[in-house]
Amino acid sequence: MERSKHARAFRLFRRISWTGLAICAAWAIFLTGCMLWPVPAPSGEGTVVILGCKDGSAALQTRIDTAADYLNAHPDTVAVASGGLGAKEWRSEAEAIRSGLEQRGISSERVYLEDQSTNTKENLAYTCEILKSQSLNPTIIIVTERYHMFRALQIAQEHRVTAYAVPAKTPWQILSASYGRELLALTKFYLFPWLS
């Protein structure tokens, strides 16, 4: 009798565990689909917005390179470098972006700094304030990695901003870590928006 109760409890535990794993797998597949969702390419003029990440990282460099290529191809376009001072950083991410763009031949006069933000939501909120205060083109062209683009565009939509995308390639050595972090960020974005 006692053994039968233990067997039933084990079967129930196993069923709950498998159900939980199936739900988590389905959720991860859904979020991966979001990350891979087609993003709108620029069809006209706009203000380039480069989203920051850790100064000196491969991810930041690929964003800088992608933005520089676009800005060099569109010499009348200006940019907002967005990102505050992170932990163990000696300059803001925005300053690092501007410096990187200057090294690629982009005049600092074409780059506005948003150096107060600490996350993607703040990146875009503070950037919108700069667009208004500096009378910049309110249509934005976001530069960040492909996996991050979906969430960035969703947040831009919350601010009622017309946004397009120029995705940067994710360096292969950080792809798995970046993907995992974005799964958590999108879960927070969808399920706990008040915490974002």
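The notes below deal with the structure included here. Owing to the predicted nature of the structure, the values given are computational and were not obtained by experimental measurement.

Quick look at the nonpolar core now. Counting 21 residues, the largest nonpolar core has V48, I50, I97 and L101 as its most contacted members. With 7 residues, helix α2 (residues 58–73) is the single largest residue contributor to this core. Counting residues in each nonpolar core, the second largest holds 19 residues, with C128, I155, V161 and A163 among its members.

With that settled, the discussion passes to the pairing of strand β4 (residues 140–143). Burial along β4 is two-sided: the face carrying I140 and I142 and the face carrying I141 and V143 are both buried. Here strand β1 (residues 47–51) pairs with β4 via 4 bridges, running parallel. Bridging across to β4, T47 finds its partner in I140. By the bridge criterion, 3 bridges tie β4 to strand β5 (residues 163–165) in an arrangement that is parallel. The residue bridging I141 from the neighbouring strand is Y164, located in β5. In this fold, the crossover linking β4 to β5 by way of helix α5 (residues 146–158) has right-handed handedness.

Together, R8, R11, R14 and R15 line one region of the surface with positive charge. Tracing the backbone through its elements, the reader meets R14 in helix α1 (residues 2–35). Overall, R14 belongs to the partly exposed group, its relative accessible area being 42%.

Cut-offs applied
Residues numbered from 1 in each chain as written. Predicted model: local features only at pLDDT ≥ 70, side-chain atom pairs only at ≥ 80, totals over all residues. Heavy atoms only, no water. Core = buried A, V, L, I, M, F, W, Y, C linked by side-chain atoms within 4.5 Å. Buried < 20%, exposed > 50% of the residue type's maximum accessible area, 1.4 Å probe, protein only. Helix = DSSP H or I, 4+ residues; strand = E, 2+ residues; numbered from the N terminus. Pairing = 2+ DSSP bridges. Right-handed = clockwise from strand over helix to strand, strands pointing away. Patch = residues over 30% accessible without salt bridge, like charges linked within 9 Å, V, L, I, M, F, W, Y side chains within 5 Å. Areas by Shrake-Rupley, 256 points an atom, 1.4 Å probe, with all protein chains shown as cover. Salt bridge = Lys/Arg side-chain N within 4 Å of Asp/Glu carboxyl O. Lys, Arg positive; Asp, Glu negative; His and termini not counted. Charge placed at Lys NZ, Arg CZ, Asp CG, Glu CD.

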